[in-house]
Every structure is written in C-alpha cells, then in structure tokens.
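Chain and residue survey
One letter stands for each residue in the lines below.
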Amino acid sequence: ARKAKNIAIIGGGIGGMEAALVCAKRGHTVTLYEKSDKLGGVFIAAAAPSFKEKDRDLIAWYRRELKRYPAITVKLNTEVKDVNALGADEIIIATGSRANRIPVPGADRAIQAVDFLLGKAEVGQKVTIIGGGLTGCEIAYELYLQGKEPTIVEMMDDLICTPGICLANTSFLRDFFKANNVPVHLETGVTEIGEKTVTAKGKDGNTFTFDADSVILSVGYKPAPLVEKGKNKNIHVIGDACKVGNLRTVIWQAWDVAMKL
C-alpha cells in the first residue's frame with residue numbers, strides 16, 4: 001500500500017479473516033474484533049456436516065495464517081458497539097447475516113439450521129426441512145446419512161435456485177434425493193407447524209399434513225451490518241453483511257476491498 005494504515009475489522013468470519021490477511025500483507029496494521037470466543041463465524045456451522053472436512057480445514061488454515069502476521073491483533077470475546085471509538089483509519093464491517101423466520105403458527109417449534117448444525121438441538125427420526133436452498137439440502141443429505149427420514153419443503157419450483165453455486169454439488173443433491181426417494185415438495189408453502197406434524201399448501205392450492213418429529217428452518221438470511229455502508233467513506237461493508245452470498249463471493253469481495261485500502 002502507498003500508505004500504511006490502522007485498520008479495524010469487525011467480525012471474525014471468513015470475510016473478516018481474509019480481509020485481515022490481505023491488509024497485513026499490504027503493510028497495514030490490523031485489529032480484528034470478534035464477539036464470540038472463536039474465529040470462523042457462521043462458516044463453523046456450514047462446515048459442521050460430516051462430508052465438509054475440507055471446509056473445516058479451511059477454517060483451521062485461516063486461523064493459523066492470522067497467527068503468522070505480527071501486524072494482526074485478534075480480540076476475541078469483544079463486541080464493538082461504537083466504531084468511532086476504535087480510532088482506526090479504515091473500518092471493515094464483516095458482521096455477517098441473521099437467519100430469516102417464517103410468520104406461520106408454530107414457527108417457534110422449529111429449530112434454526114445453524115443451531116442444528118452446531119449441535120445445539122437434537123432431532124427425531126422424521127425431520128422436515130423448510131427451505132430447499134443449499135443449506136437445507138445439505139442438512140437433508142446429512143440427516144439421511146445418519147439414518148433419519150428427511151422431507152424437504154421448498155416454495156420455489158426447484159431446489160437450490162441461488163445462482164453461482166457449483167453445478168456438480170447441486171446436481172448431486174437433486175439426484176441423490178430422487179434416487180433415494182427423499183420426499184421433496186416444490187412450490188409448496190408451510191402453513192402451520194404442529195407438535196408432531198407439518199401442514200403445507202401445494203401449488204394446486206390443496207392443503208395436506210404429514211408427520212414430523214422435528215422441523216428445521218432454513219429459509220435464508222438477511223444482512224446484519226453493524227453499520228450501514230455509505231455512512232462514512234472510511235467504512236466498508238463486506239461479505240454477508242453487505243449481500244448474502246457464498247464462500248466464493250465472500251472471499252472475493254473481502255480481497256477486493258482490502259486491496260483498495
């Protein structure tokens with residue numbers, strides 16, 4: 001960099017760690033603030049399924065790399081309330097996103113996808129996953145591998161409709177569910193979550209009910225920036241805090257922003 005700066009990064013997920021590394025390599029002094037007791041953010045949950053060993057390796061790699069640079073100071077268990085009190089030349093907001101909920105009766109009975117992935121909630125034999133995006137489908141796949149009976153309910157006309165996801169992954173999951181007779185209800189919305197049942201309405205307008213020992217909610221996320229971008233020219237919002245994406249979009253944006261500081 002033409003000028004060495006003091007840079008504060010708020011959020012120790014993948015985006016925050018990538019930005020910290022790039023900034024340190026460019027000669028800046030970096031302080032990384034993470035409110036929890038470990039680095040990795042929501043990607044810790046994303047890497048939890050048994051078949052995600054390479055994702056777990058990536059988190060471990062980032063944690064090791066950060067320790068290699070004396071210019072990077074990591075402050076865990078530190079929640080930032082006022083960015084102006086940090087005294088930094090540049091501030092990168094990498095505070096991620098928060099999970100959506102659905103306004104239906106009984107929604108409080110559902111388990112959030114992140115809580116399930118982190119092992120904070122047990123599930124029964126028959127599990128309904130509301131939301132057929134990548135996370136919901138990966139959870140259903142993991143449940144099947146565990147000997148459970150997953151059912152997917154998705155409002156769109158196909159599974160994993162989000163653009164930019166590897167075709168090999170999406171094709172495998174679709175084919176796996178079809179080959180193993182995993183129930184998938186497309187163009188279907190949940191209308192009520194009972195104690196042991198789920199009621200849904202299909203594209204034909206008909207309502208039907210099926211058994212569910214547990215319900216997992218995986219209906220996407222919305223950005224949760226600590227500070228909105230545009231408030232100050234030295235504040236930069238990256239990753240899911242800017243726009244919910246995937247691992248690639250988070251890393252690319254973090255790199256791009258850090259290279260311009």
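Computed from a prediction, not measured in an experiment: that's the story for all the values here. (Residues numbered from 1 in each chain as written. Predicted model: local features only at pLDDT ≥ 70, side-chain atom pairs only at ≥ 80, totals over all residues. Heavy atoms only, no water.)

1. Here's the deal with the side chain of S218
Within the secondary structure, S218 is located in the loop between β13 (214-217) and β14 (221-223). Of the residues examined, S218 reaches a relative accessible area of 10% and is grouped as buried. Within polar-contact distance, the side chain of S218 engages the backbone nitrogen of G136 at 3.3 Å. Dropping the residues within four chain positions of it, S218 is found in contact with A113, I129, I130, G131, T135 and G136. (Helix = DSSP H or I, 4+ residues; strand = E, 2+ residues; numbered from the N terminus. Buried < 20%, exposed > 50% of the residue type's maximum accessible area, 1.4 Å probe, protein only. Polar contact = N/O pair within 3.5 Å; in protein donor to acceptor, adjacent residues only side chain to side chain. Contact = heavy atoms within 4.5 Å.)

2. Let's talk about the sheet that holds strand β12 (residues 207-211)
As summarised here, the arrangement of the 3 strands in space is β10-β11-β12, forming an open sheet in which the pairing is antiparallel. Strands at the two margins of the open sheet, each flanked by one partner only, are β10 (189-193) and β12. Neighbour-to-neighbour, the strand axes of the sheet open up by a mean angle of 30°, direction not taken into account. Both strand β11 (residues 197-201) and β12 contribute to a ladder of 5 bridges, which runs antiparallel. By the bridge assignment, T197 is partnered in β12 with D211. (Pairing = 2+ DSSP bridges. Axes fitted to C-alpha atoms, helices over the stretch in contact; angles between N-to-C directions.)

3. Examining the environment of P223
You can see P223 is positioned in strand β14. It is 9.0 Å that separates the C-alpha atoms of P223 and A99, two residues lying 124 residues apart in sequence. Residues contacting P223, with those up to four places away along its chain left out, are G96, S97, R98, D240, A241, C242, K243 and V244.

4. What to know about the sheet that holds strand β9 (residues 184-185)
The strand order across the open sheet formed by 5 strands is β6-β13-β7-β8-β9, and the pairing between neighbours is parallel. Here the strands that pair on one side only, and so sit at the sheet edges, are β6 (111-112) and β9. When strand β8 (residues 149-153) meets β9, the two strands line up parallel, connected through 2 bridges. Within β9, the position partnered with I152 by the bridge is V184.

5. Side note on the packing of helix α1 (residues 14-25) against helix α7 (residues 247-259)
Following both chains from N to C, one finds α1 and α7 inclined at 30°, their axes separated by 8 Å at the closest point. Classified by chirality, the crossing of α7 by α1 is right-handed. Residues I14, G15, E18, A19, V22 and C23 of α1 lie in contact with α7, whose contacting residues are L247, V250, I251, A254, W255, A258 and M259. Residues belonging to the contact of α1 with α7 are distributed by class as follows: 11 nonpolar, 1 polar and 1 charged. (Left-handed = near helix turned anticlockwise from the far one by under 90°. Nonpolar A, V, L, I, M, F, W, Y, C, P; charged D, E, K, R; others polar.)

6. Brief notes about the nonpolar core
I9, L66, I72 and I92 are the most contacted members of the largest nonpolar core, which has 29 residues in total. Those elements that place two or more of their residues in this core are β1 (6-10), α1, β2 (29-33), α3 (53-67) and α7. No other element matches α1, which puts 8 residues into this core. Dropping the residues within four chain positions of it, I9 is found in contact with G16, A19, A20, V30, T31, L32, Y33 and I92. (Core = buried A, V, L, I, M, F, W, Y, C linked by side-chain atoms within 4.5 Å.)

7. As for the pairing of β2
Burial of β2 is extensive: 4 of the 5 residues sit out of reach of the surface. In this sheet, β2 lies alongside β1 in parallel orientation, the contact comprising 5 bridges. Note that in β2 the partner of I7 across the bridge is V30. Examined bridge by bridge, β2 and strand β3 (residues 72-75) share 4 bridges and lie parallel to one another. Paired with L32 across the strands is V74, a residue of β3.

8. Notes on the pattern of salt bridges
Considering all chains together, one arrives at 9 salt bridges under this definition. For K203, the salt bridge is made with E187, and the minimal N-O distance between the two is 3.6 Å. Here the residue K203 occupies a position in the loop between β11 and β12, and E187 occupies one in the loop between β9 and β10, the gap between them amounting to 16 residues. Residue classification places K203 among the exposed residues on the basis of a relative accessible area of 66%. Among the salt bridges present, the one from D256 reaches K260, with a minimum N-O distance of 3.3 Å. What makes K260 exposed here is its relative accessible area of 64%. A single network of salt bridges, built from pairs that share partners, joins K52, D55 and E138. (Salt bridge = Lys/Arg side-chain N within 4 Å of Asp/Glu carboxyl O.)

The values are spatial; any link to function lies outside them.
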